[in-house]
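Chains, contacts and geometry: an overview
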Amino acid sequence: MRKQFLVIGLGRFGTSVALNLSALGHEVLAMDKNPHAVQAIADSVTHSVQADARDEETLKALGVRNFDVAIVAIGDDIQANILITLMLKDMGLKYVVAKAQTALHGRVLEKVGADRIIYPEKDMGLRLAHNLVTANVMDFIELSPDYSVVEIVSPLKFVDKTLSKLELRNQYGLSVMAIRRGSQIVVAPGGDEVIRDKDILVIIAKNEDLADLPD
Ligand code: ATP
């Protein structure tokens, strides 16, 4: 379904979010107080406006409450970031995602009603760390401080063996949720599924067990 997104703050992060949403076929209103930032994105999104988002009347005039999702991507000006998040929620916007600088900032955003808080630098650092220390990790989603969903290239040791033979749950404390094999995907593979060379395993595992995986 085509959705309407409001992106406020067109730094590197906000611009990337806006361009990607637009490329995925969604309507995007991109807003920044800096005319150069607006100009740079104008041809690539549905609408763009140069305005200070701290101005409540401007937000109302743009009918922001009708958007499905707003992303507050202002970084340095923490005060503006919090104020704008608060106003958007007050105006009835259903889902507001706000970018936080620190854990404390994130807690304030939570209190003023942000539906989702993201820490792009922290998240990227976490991904990179896992990518560097764990064998063959391609992608990583933290479910809780203890558990993650991870995509790994199948370790050579697993190739040509069935899942039941490998006993991954007992050996490594992990469950295979799916296997990506070229363009094919095997969802919830059974015990008789044979792992092939270059299979991508989508696993759920305890973070502390990931380091024990073979290469
Ligand atoms: P990134 O890391 O994504 O490049 P950043 O975290 O350094 O960005 P800033 O540069 O502080 O974030 O802000 C991103 C954008 O938000 C800037 O282009 C800035 O002009 C815009 N911005 C800041 N305050 C407002 C505001 N009150 N209304 C609209 N835009 C704003």
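Remember, predicted model here, so these are calculated numbers, not experimental data.

1. Examining the overall build of the protein
Each helix and strand counted, the protein has 9 helices and 11 strands in total. Computed over the C-alpha atoms, the radius of gyration of the protein is 21 Å, more than 25% above the 17 Å expected from 2.2 N^0.38 for a compact globule of 215 residues. The principal-axis extent of the C-alpha atoms belonging to the protein is close to 65 × 35 × 30 Å. The burial tally for the protein puts 43% of its 215 residues in the buried class.

2. A look at the site of the ligand
Every one of the 17 residues lining the ligand counts as a neighbour, but R12, F13, D32, D76 and K99 are closest to it. A distance of 2.8 Å separates a nitrogen atom of the ligand from a polar side-chain atom of D52. Across the complex, the protein chains shield 85% of the 640 Å² of accessible surface that the ligand would expose by itself. Class assignment of the residues belonging to the shell around the ligand gives a composition of 6 nonpolar, 4 polar and 7 charged.

3. Description of the pairing of strand β9 (residues 174–181)
Pairing of β9 with strand β11 (residues 200–206), which is carried by 6 bridges, proceeds in the antiparallel orientation. Residue pairing across strands places A178 opposite V202, the latter belonging to β11. Looking at chain direction, β9 and strand β10 (residues 184–187) are connected through 4 bridges and run antiparallel. Each residue of the ladder has a partner; that of R180, found in β10, is I185.

4. Examining the side chain of K99
Among the secondary structure elements, K99 is positioned in strand β5 (residues 95–99). Look past the residues within four positions of K99 in its chain and what remains in contact with it is F13, V72, A73, I74, G75, N81, H105, L109, I118 and P120.

5. Quick look at the sheet that holds β9
Across the sheet, which stays open at both edges, the 5 strands sit in the order β7-β8-β11-β9-β10 with antiparallel pairing between neighbours. Two strands lie at the open edges of the sheet, namely β7 (137–142) and β10, each paired on one side alone. Going across the sheet, the axis of each strand differs from the next one's by a mean of 20°, ignoring polarity.

6. What about the sheet that holds β5?
Sheet strands pair by backbone hydrogen bonding; their relative direction is either parallel or antiparallel. With parallel pairing, the 6 strands of this open sheet are ordered in space as β3-β2-β1-β4-β5-β6. The outermost strands of the open sheet, each flanked by one partner alone, are β3 (47–50) and β6 (116–118). Looking at each pair of strands side by side, their axes are set apart by 15° on average, direction ignored. Looking at chain direction, strand β1 (residues 4–8) and strand β4 (residues 69–72) are connected through 4 bridges and run parallel. Pairing of I8 across the sheet is with V72, part of β4.

7. Regarding a nonpolar patch on the surface
Among the surface-exposed residues, L128, L132 and V133 lie close enough to one another that they form a single nonpolar patch of about 330 Å² accessible area. Secondary-structure assignment places L132 in helix α6 (residues 120–133).

8. Side note on helix α5 (residues 103–111)
When α5 is considered as a whole, its buried residues turn out to be H105, G106 and L109. Along α5, the residues classed as buried sweep out an arc of 100° about the axis, all on the same side. Opposite the buried face of α5, by more than 90 degrees, sit the exposed residues A103, L104, R107, E110 and K111. Check the buried side of α5 and you find it contacts α4 (78–90), β5 and β6. G113, located one to two residues past α5, shows a positive phi value of around 105°.

9. Some points on the packing of α4 against α5
Closest axis-to-axis distance for the α4/α5 pair is 9 Å, and the angle between their directions is 20°. As far as their axial angle goes, α5 and α4 are roughly parallel. The handedness of the crossing between α4 and α5 is right-handed. For the pair α4 and α5, the contacting residues are I78, N81, I82 and T85 in the first and H105, V108 and L109 in the second. In terms of residue class, the contact of α4 with α5 is built from 4 nonpolar, 3 polar and no charged.

What counts and how
- Residues numbered from 1 in each chain as written.
- Predicted model: local features only at pLDDT ≥ 70, side-chain atom pairs only at ≥ 80, totals over all residues.
- Heavy atoms only, no water.
- Helix = DSSP H or I, 4+ residues; strand = E, 2+ residues; numbered from the N terminus.
- Rg over C-alpha atoms; globule rule 2.2 N^0.38 Å.
- Buried < 20%, exposed > 50% of the residue type's maximum accessible area, 1.4 Å probe, protein only.
- Near = heavy atom within 4 Å.
- Polar contact = N/O pair within 3.5 Å; in protein donor to acceptor, adjacent residues only side chain to side chain.
- Areas by Shrake-Rupley, 256 points an atom, 1.4 Å probe, with all protein chains shown as cover.
- Nonpolar A, V, L, I, M, F, W, Y, C, P; charged D, E, K, R; others polar.
- Pairing = 2+ DSSP bridges.
- Contact = heavy atoms within 4.5 Å.
- Axes fitted to C-alpha atoms, helices over the stretch in contact; angles between N-to-C directions.
- Patch = residues over 30% accessible without salt bridge, like charges linked within 9 Å, V, L, I, M, F, W, Y side chains within 5 Å.
- Salt bridge = Lys/Arg side-chain N within 4 Å of Asp/Glu carboxyl O.
- Arc of directions from axis to C-beta.
- Parallel < 35°, antiparallel > 145°, perpendicular 65-115°, else oblique.
- Left-handed = near helix turned anticlockwise from the far one by under 90°.

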